[in-house]
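# Inside the fold
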Amino acid sequence: MRTNSLAGKLFLHFLCLFLIIPSLSLAPDTSSAAPVTKKVLPNGLTVLLSEVHSAPIVTSMIWYEAGSKDEDFGKTGIAHFLEHMMFKGTSKYGKGQIDLTTLKNGGINNAFTWTDYTAYFFEFSSDRWLDALEIEADRMNGCLFVSEEFESEKKVVIEERKIGEDTPEEALSEELDAIAFKAHGYHHPTLGWMSDLETVTRDDMISFYSRFYTPRNAVLVIVGDFDTKEALKKIEELFGGKETGPAVRRAATVEPRQVGERRVVLEMSANVPRVSVAHHAVEAGNRDNFPLILSQKLLAQGRSSRLYQKLVEELRVATSVDVQRYDFKDPCLFVVNCELKPDASPAFAESVIVSELVRLSDEEVGADELLKAKRLAESEFIMESESTWGEAVRLGAFETILSHTYLDTYLDNIYRVTPNDIKAAAAKYFVRKNRIVGWLMPEPETSSNPRGEESFREAFGSLERTNRPQSGFELYGHGAGLLRLPPSVCEKSAVSKHEVVPSAKDAAHPKSTSLFKAPKPTKKVLPNGLTLITYRKATTPSVSIGAYVKVGSRNDPEGKAGLASLAGRMLKEGTKKRTSFKIAEDIESVGGNISSDASVSFSSVSASLLSKDFDLGISLVSDLVRNPAFQDESVEKEKNKVLAEIRASDDNPRLVARRSFNEIVYGTHPLSHPVEGYKSTVSSITADDLRKFHRSYYLPQNTFLIVVGDVDGSLVEKKVREYFGTWEKEKFLPPSIPLAVRQQEKRTKFVKMEKEQINVYLGHLGITRDNPDYYALQAMDVILGFGGLFTSRIISNLRDTQGLAYSVYSDITRSSGIDPGVFVAYIGTSPGNKDKALDGFLGEIRRIRDEPVKEEELENAKKYLTGNYVFDFETNDQLATYFFKSSFYGLGDDYISRYPGLIRSVTVGDVQRVARKYLDPDNYSLAVVGRVDESGNIIIEEK
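From a predicted model like this one, the values you see are computed outputs, not experimental measurements.

### Description of the side chain of N271
- Within the fold, N271 resides in the loop between β7 (262-268) and β8 (274-280).
- Given a relative accessible area of 15%, N271 falls into the buried group.
- Polar contacts involving the side chain of N271 include one to the side chain of R647, which spans 3.1 Å.

Pasting the structure below:
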């Protein structure tokens, strides 16, 4: 993808989880699933249509069976590079016109490449979705691949490749695949090897495009609010006349059976070690897939899972553990990943992982534990099916690699799995000769565990080594977050969503205004002051419950940065009634999930589960909010975990740069410190600090309780009064937070890190959410550089024209809140591009201040902002977050109705006025992390 924002990154994570945990139908009843119409056109194009009328949205996706495994030797990365070029112009749509069309229609477009396929999607409201078909039909055989655009985008792809090289997790995953697959195309990364990217030619790309981008090699999927007959007629009109194309011949290489354990060790700049243990597994559709799916859940799905309990809770050597189990066309890997604490032994962690894998082959899984795994799968599918996008991904992915009908019997196969099936599969695959192990070790000079290498040698001897260098609602992605791709999948988001902007449609599309019915929740204030907001949404048998408390890191006492965050985390670490394990076991046994955390301005406990289990969910949320135990031992354990995570986050240069930027922008203001705090401040926090903090802020009159889903409102109120009604109201005086003051001088901070890229943040203090200029500034953001909008000036200039970066953006409204947020411009680029990037930022900032924007630019921004709203109210979680934040920020119950007028009233003069008032190209903060010295000079790498 060309993902250029956090929104796009989260999209990848959502999609990846879907492919790790394939979709299931509900065991008791699959009759509610929308029917699928399949038609194959004479030229070979496969069409899948599924009408879903729960929201006025249509998702269209076209899948080409052309992924990284189809690339020739020496041409790796070309499938992903081609994906970028598919947005660069066709015979009908000139450069930028695809993105501009999407912008004007308030839609979303995106794409992703992986091993077996490349897919492109659009989301539009249901009165304008046919534009997507027009675009896809044209670029199936009409892409121009202009030489200048090819060379410019090659620079962008190379910068994208460098991001992975700077990320320890991605580097380890890449090396693991490289030694796991010796012959098969799964060997090389989707982004390609750097030398191949540097030498690939336009002719190479045209050849790949002509070979694979044909009707007979494509699947077109349409899901949402449309008429099947009319859609088929239009599809036949646009695609029916296209030539079938040559028969696609794919490499038939079968990966040889592995006959001995393989190992790799990376030594790179990192603060914590990481371990991955993989085994060759099976392809999608193999009967052994089903016990392996449930094995993944037993091992690492949730806090009550075996590996989480062993490595994180009991032995306390890791901060996180997960299992990646993908559905590929050919046999792939079952991978356990573990991030360790700084002083933990990789050899020991590996031995624990292996022992748990072997245990699956030695001991039958208990009936209750197996049922829990199956219920997790059931719940995940229901949450995922809330969005048309999720359904389109499910249908397209499986039709491409196997058949979408595979899903019809999927659940039956899952529920047929027995303990003996899991035992047999584990005995077959989780064996030493089929194992691939990867360690990532901090380089000796950066490691807090100098005995890391020694411990490896003691355990395994001398082994192979590899050295490698808005509305301000912040809703991203789709659905419950059950769909994702691995981070290495390539990233593109031509026009990703803006932050939630509930609104009516632009006047240019009058029909769409009536498509959306604004949700009208019920709001009540209980006698104890608790605000209850409920909304009945019966499209799926699920419910989201969220308790939001008005306290966050802005309320951290001096010297106790991270207190609010730790308090939020501790809520799920045990109450006066339940242990942390009991909490996890209770929620996961019904296939649900529960989380607790804190942000800058508020803390929350959120649960998602099936409607039938609502009583359990509301009782757990109440217990966590009201009765945390804060036991000394648990507090120390969680503190150590936080400290390890802080250390691990220092491996991410972008996070380090953003923290540095906030520090110099905010100075002594509480927002200067990261939400999680610092090592020194977190270390000083005691259990008594947490108890006092909780008593002071966690009060009913300081809390919003939001319930959205398929639960009757009278039942909700009854249960809320049962579990929250006795919560006593106490005296509460909101603390006084000092006002942040915008700087009147230039400030800089440079942090040296041995990375391929430098990460640059430039900006200054921004605005509060209640600023009346918010809406004019939103329009300015869209024009200037809002992340993901390739029509914006900064992105168009620095990325598309100059090719300086893969990720670049600017905005001022996204971070606005109770306190002023920041105006920020970000870029990740090669060190030698630093001055060009800074000149580009400052030049565009000055231009939007000094010159009125074009009327057309402003109108397009308005169309985008007022046309994008329909995507933000599909899921329970999206609605719950909107209801909370609209109340939290005091926007009013009629905000949805007022928003379009507020945007439409913005003038060209307003944009220039707010640009001059809120953007300062002279007095700004600059944070740079990478190969720079303390003065900001680039350090030339020695060859």
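### Describing unusual backbone geometry
- Even without being a glycine, R316 presents a positive backbone phi close to 55°.
- The residue F630 is not glycine, and still its phi comes out positive at about 50°.
- Within the fold, F630 resides in the loop between α21 (614-626) and α22 (632-649).

### Remarks on the pairing of strand β4 (residues 108-113)
- When you tally the buried positions in β4, you get six out of six residues, the bulk of the element.
- The two faces of β4 match: I108, N110 and F112 on one face and N109, A111 and T113 on the other face are all buried.
- As paired elements, β4 and strand β5 (residues 118-125) share six bridges and run antiparallel to each other. Considered in β5, the bridge of F112 is made with A119.

### Side note on the side chain of Q258
- Checked against the element boundaries, Q258 lands in the loop between α9 (228-239) and β7.
- There is a polar contact of 3.0 Å between the side chain of Q258 and the backbone oxygen of G260.
- A distance of 3.0 Å separates polar atoms of two side chains, one belonging to Q258 and the other to H280.
- Setting aside residues no more than four positions away along its own chain, Q258 makes contact with A180, H280, K433, N434, R435 and I436.

### Some words on the layout of surface pockets
- Considering only enclosed or pocket space, the largest pocket measures out at about 910 Å³ in volume.
- The residue makeup of the lining of the largest pocket, split by class, is 13 nonpolar, ten polar and 15 charged.

### Looking at the pattern of salt bridges
- Per the stated rule, a full pass over the model turns up 73 salt bridges.
- Residue D204 is joined to K75 by a salt bridge in which the shortest nitrogen-to-oxygen separation is 2.9 Å. Of this pair, D204 sits in helix α8 (residues 202-212) while K75 is found in the loop between β3 (57-64) and α2 (78-85), placing the two residues 129 residues apart along the sequence.
- Two residues, D773 and R913, come together in a salt bridge whose shortest N-O distance is 3.1 Å. Of this pair, D773 sits in the loop between β20 (758-765) and α27 (774-784) while R913 sits in helix α33 (residues 908-918); the two residues are 140 residues apart in sequence, bridging distant segments of the chain.
- A relative accessible area of 38% means that R913 is categorised as partly exposed.
- Among the charged side chains, a network of salt bridges with common partners joins R303, E313, R569, E573, K637, E638, K641 and E645.

### Focus: the sheet that holds β20
- Taking strand neighbours across the sheet as the criterion, the five strands line up as β19-β23-β20-β22-β21 in an open arrangement whose pairing is mixed. Both edges of this open sheet fall to β19 (747-752) and β21 (805-811), since each of them pairs with a single strand only. Here the average twist between neighbouring strands, direction ignored, is 10°.
- Here helix α28 (residues 793-801) sits on the sheet and contacts β21 and β22 (822-829); the angle it forms with β21, its principal contact strand, is near 160°.

### Side note on helix α30 (residues 855-867)
- For α30, which comprises 13 residues, the first-to-last C-alpha distance of 18 Å matches the rise-based estimate of 18 Å (1.5 Å per residue) to within 8%.
- Every buried residue belonging to α30 is among L858, N860, A861, K862, Y864, L865, T866 and G867, and all of these are buried.
- Taken together, the buried residues of α30 touch α3 (97-104), α27, α32 (895-904) and α33.

### Describing the sheet that holds strand β15 (residues 542-549)
- If you walk across this open sheet you meet the six strands as β13-β14-β18-β15-β17-β16, and the pairing is mixed. Whereas interior strands pair on both sides, the edge strands pair on one side only; in this sheet they are β13 (522-525) and β16 (593-598). Within this sheet the neighbouring strands show an average axis-to-axis angle of 10°, counted without direction.
- Two strands pair when backbone bridges link them, and strand β14 (residues 531-536) and strand β18 (residues 703-709) are joined in this way by six bridges, in the parallel orientation.

### Some thoughts on the packing of aromatic side chains
- All told, the structure shown has 42 aromatic pairs when counted by the stated rule.
- Consider the rings of F87 and Y120, whose centres lie 6.2 Å apart with planes at 45°: the pair is tilted. Of this pair, F87 sits in the loop between α2 and α3 while Y120 is found in strand β5, placing the two residues 33 residues apart along the sequence.
- For Y120, a relative accessible area of 0% translates into the label buried.
- Ring centres of Y120 and Y213 lie 6.3 Å apart, and the angle between their planes is 70°; on these two criteria the pair is classed as edge-to-face. One end of the pair, Y120, is in strand β5; the other, Y213, is in the loop between α8 and β6 (218-224), with 93 residues separating them in the sequence.
- Judged by relative accessible area, Y213 falls into the buried class, the value being 4%.

### Focus on the confidence of the model for the protein
- On average, residues of the protein score 88 in pLDDT, and 89% of them reach the 70 mark or higher.
- A low-confidence stretch, residues 4-32 (pLDDT under 50), is modelled with 118 contacts involving residues beyond four sequence positions or located in other chains.
- Contacts from residues 446-514, a stretch scored under 50 in pLDDT, to residues over four places away or in other chains number 302 contacts.

Quick notes on the rules
- Residues numbered from 1 in each chain as written.
- Predicted model: local features only at pLDDT ≥ 70, side-chain atom pairs only at ≥ 80, totals over all residues.
- Heavy atoms only, no water.
- Helix = DSSP H or I, 4+ residues; strand = E, 2+ residues; numbered from the N terminus.
- Buried < 20%, exposed > 50% of the residue type's maximum accessible area, 1.4 Å probe, protein only.
- Polar contact = N/O pair within 3.5 Å; in protein donor to acceptor, adjacent residues only side chain to side chain.
- Pairing = 2+ DSSP bridges.
- Contact = heavy atoms within 4.5 Å.
- 1 Å grid on protein atoms, 1.4 Å probe; cavity = no way out; pocket = protein on both sides within 12 Å on 5 of 7 lines; lining within 4 Å.
- Points joined across faces, edges and corners; volume = space filled by probe spheres on them.
- Nonpolar A, V, L, I, M, F, W, Y, C, P; charged D, E, K, R; others polar.
- Salt bridge = Lys/Arg side-chain N within 4 Å of Asp/Glu carboxyl O.
- Axes fitted to C-alpha atoms, helices over the stretch in contact; angles between N-to-C directions.
- Expected span 1.5 Å × (residues − 1).
- Phe/Tyr/Trp six-rings, centres within 6.5 Å; stacked < 30°, edge-to-face > 60°.
- pLDDT = per-residue confidence, 0-100.

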